[in-house]
Amino acid sequence: MAELDHSPAPSDRAMQRAAKRWRDWLKAQDIGAAVFQQQAWRTYADGHSGLISAPTGRGKTLAALGGPLMQAMAEAETPEGRASHGPRMLWVTPLRALASDTRERITGPVAAVLPHWQVAMRTGDATSRDKRLTDTGKAQLVVITPESLALLLSHERSREQFSQLRCIVVDEWHELLPSKRGVLLQLNLARIQALAPQAQVWGLSATIGNLQEASDVLLSAWQVQAPAMIQDMRPKPFHLHSITPPLGTRMPWAGHLGLANLGEVAKLVFSAPSTIVFTNTRAQAELWHTALASIWPEDAETLAIHHGSLDQGVRQSVEQRLRAGTLRCVVATSSLDLGVDFPAVERVIQIGGARSVARMVQRAGRAKHRPGAAVHVEAVATQAMDLAEFAAVRELAEAQVYERREPLRLCFDVLSQHAMSAALAGGFRPPELLAEVRRTAAFRDLSDAQWQAVLAFLEHGSDSLVQYPQYERLHCADGMCQPANTGVVRMHRMSIGTITAHGAVNVQYLRGARLGSVEEAFIARLSPGDVFNFAGRSLVLVRLENQTAWVRRSAEVGLLTPAWAGSLMPMSSSLGERMQQLLSTAAASPAADDAPHARELQWLQPLLQLQSQRSLVPGADQLLIEQVGNTQASQAAKAAPLFVYPFAGRVAHEGLAVLIATRLAHLQANTFAWACNEIGLMIQPTLPIDANAVDWAEIFKLDGLDTDLRSAVNFSELARKRFKEIAQIAGLVQSKVPGKKSRASDRQLQVSASLLFDVLSKYDPEHLLLRQARQEALDQELHLPTMQRLLASIAGRQMALRFPARHTPFSFGLWAESFRGQLSNETWQDKVRRMAAQQERQAAGEPGPRTGAPRTRPSRSGALSRGAAPQRPRSKGTPPQGTRTAARRTPQLQDRS
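Predicted model only: the values in this text are computed from it and were never measured.

Criteria and cut-off values
- Residues numbered from 1 in each chain as written.
- Predicted model: local features only at pLDDT ≥ 70, side-chain atom pairs only at ≥ 80, totals over all residues.
- Heavy atoms only, no water.
- Core = buried A, V, L, I, M, F, W, Y, C linked by side-chain atoms within 4.5 Å.
- Buried < 20%, exposed > 50% of the residue type's maximum accessible area, 1.4 Å probe, protein only.
- Helix = DSSP H or I, 4+ residues; strand = E, 2+ residues; numbered from the N terminus.
- Contact = heavy atoms within 4.5 Å.
- pLDDT = per-residue confidence, 0-100.
- Salt bridge = Lys/Arg side-chain N within 4 Å of Asp/Glu carboxyl O.

Engineer: Quick one: what's the story with the nonpolar core, residue by residue and with numbers?
Structural biologist: Membership of the largest hydrophobic core comes to 65 residues, with the highest contact counts inside it found for F238, L583 and F810. Among the elements that line this core, the one with the most residues is helix α16 (residues 384–398), at ten residues. In this view, F810 contacts M385, L583, L607, Q611, L616, P618, L624, Y645, F647 and I679; residues no more than four positions away in its chain are not counted. Of all hydrophobic cores here, the second largest spans 48 residues; its members include L446, V454, V489 and A727.

Dropping the structure here:
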């Protein structure tokens, strides 16, 4: 155990002098301290830890910084307080980009009041100077990511290095909380608590629905009985302005790109000095950048793109130019969501629904990111239902009703990695490390048997792997556990972290900079000479070599844009519920001109009238089920599709579609396909189903949910998919090898992980990591917890069964999704436009062919056949219905909607 810091506490007079110096600096900067900031400083001075929550742009950074700086100023009046070795303060940030911005923001006040302090950054982008300052203990304040903190703690010098630590600030804690990165940080904080129990911990969060739980999880290692909760209670106006066509103009009933609004977006961009255009996916960002570039009248250097697959140097250049005000527009994804300060940005535009109240507010806060400034966002509707989402977001944001972030529990892959890091840092005694680990919220319920299983895994991998020395990583003898050999030390430090490799191929100029990375599957479909769009440029592929795509600029615009497999942005249940309530209210009584959300609801009025005429606009206590193209009088009609509208978001609907198809298949032999969107799901049977004869309460029952989900899909393959990531984090397979510059390819990792999965499944089926893979498959692929909440909600609703002869506005979007991927010489956009025009003619009473069930079944969003091996549904990380992961054709400035 390192020697504890016994520096004398500063005197009251010293603290008073420090407080005066801090107030003088604030006055010189023309900064008036807010009430919540002053409360945070006083609470810190009293020795407490806690959480600071305030809307974006309210000054959380100063609230967290002031207390530690005043303490350090008072301590610096004594020789003991000035003579310190190692950091006095850690600032943990979730993003490397945010780390650079944070360092710039805090260097000014630190240099002004503590000129002898050095501020260093320790991330994957740290300079050699920063690394030297940190490693030699000459940096008093270190801005660091969770992965870099874990790396520092894996060295034996960490015991001395962190012994004088006084404060840890965890920025954007709500982003880390629901992830394995948050679990890793909890374990590292528990380690620091053992090394520096005098340190105080403060979390910063802008928007989160379960603040108290977030605070409890963050401070669990400190076992704080009543953590401080500092909140800025001043109202901050939130203004969301919907961009819609004039009343009476047709808006698509399906789609998500919104390129038909290109002209309107361009007007908004050129009416402001600097704008960020947010999209929900990297592929959508590339497409929108290409579209804007095609009509850009100014210098091309004033238009840029920013997303997570671009090279760090490219992203940093964009951030610097955006901060300096030299960029007119940046098209971005969630890579610019978090608290990076860009005071020059005057406007934020959101393309389509953000699917979350917190995300929309966070993005809106990028504009006029200054304390006291109101939050504004221009929201561009890409389809009709986006308007209902905008109205619901506005209402919930004004009421400050935000989504919850659920923390993870018992992640044994992360615990295995942490235990190996502890072994590298001088070794550990199992009972002592177990007690330390159990202080975290993530492992509070860790059993003795589970802990022994972790140690056994590190010692020899498994009983079935005992003959293979590469799996012997930990050696325990005489009550002490240490690395088995020096090779293990090198290998482990190269793999620390929970961000796993996903088969990326670098994209680099033949004689120039690296641009970023795309997925292997995309590049594999290209031939030398093919032109594609990436990083806001048109590129021609020259050759593929050593996991690098060597390219040069092309004068022609590419027809291909890469798409990335990534996490879905699910709509929150509270947002979906409010959307349904607003639609039901608007259908019952049209909104007056001065009513809240009048703009959106008036535009939706014709659509809601048609929905009411053909079917029903369900109330909050109803679950609407439609069978289109079938009638109660004609039960023997062709196989008509079923539509269900829970308004719970795409992710929940996919799990529900699997469940419905499985339980319907129990009633009769059949084959089903399905498609989903944010408001509902479509089930297309091959053989006719009499929806009136189905016991829908039995279909939606909660009992047997786990069993039916497992039987509905190839559950073993879902567990295999999760095992690949788990094995990387736990160190069972390696993406990096000492002495080699390139990573293992995605295919190599998959083969290695699959082989281990098969061996363990056959010879050690209850292996710790296999059990975790199966649980993650249930929770994260089949979304079991979400499904449990959804079915509990459905149980309290009235079933409203309708049999419209033609498609309704609600069903049309789902039906249109089912046509993606079918063989046709029509584009998907043209086909949907033709079908929409046909629906409008029918709604207006004009003659036209009847539109019933699709003549061919939906393409693979999911399919299930009784009596045959079922196909698994689209899971997390797989693109929606019909979207090809490998490539996406760039529309010739046409709208996919």
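Engineer: Summarise the confidence of the model for the protein chain; cite the residues concerned and give the values.
Structural biologist: For the protein chain, per-residue confidence averages 84 on the pLDDT scale, and 84% of positions sit at 70 or higher. Scored below 50 in pLDDT, residues 821–826 makes seven contacts in the model with residues more than four places away or belonging to other chains.

Engineer: Account for unusual backbone geometry, naming residues and giving values.
Structural biologist: Backbone geometry places L410, a non-glycine residue, at a positive phi of 50°. Relative to the elements of secondary structure, L410 occurs in the loop between α16 and α17 (412–424). Owing to a relative accessible area of 25%, L410 belongs among the partly exposed residues under this scheme. Of note in the backbone geometry, D478 takes a positive phi value of approximately 55° without being a glycine. Using a relative accessible area of 79% as the deciding quantity, one classes D478 as exposed.

Engineer: Give a description of the environment of H475 that names residues and reports values.
Structural biologist: Considering the arrangement of structural elements, one finds H475 in strand β14 (residues 474–477). For the pair H475 and L455, spaced 20 residues apart in sequence, the C-alpha to C-alpha distance is 9.5 Å. Residue contacts for H475: discarding those within four places in its chain leaves M480, C481, Q482, P483 and A484.

Engineer: How would you explain the pattern of salt bridges if you had to name every residue and give the values?
Structural biologist: For the structure on display, the rule yields 38 salt bridges. As a salt-bridge pair, R321 and E301 come within 3.8 Å of each other at their nearest N and O atoms. With a gap of 20 residues between them, R321 in helix α14 (residues 312–324) and E301 in the loop between α13 (282–294) and β10 (303–306) connect regions that are remote in the sequence. According to the relative accessible area criterion, R321 is partly exposed, its value standing at 23%. Note that R578 is salt-bridged to E395, the shortest N-O span being 2.1 Å. A residue pair is termed long-range when its members are at least 10 positions apart, and R578 in helix α22 (residues 573–588) and E395 in helix α16 qualify at 183 residues.

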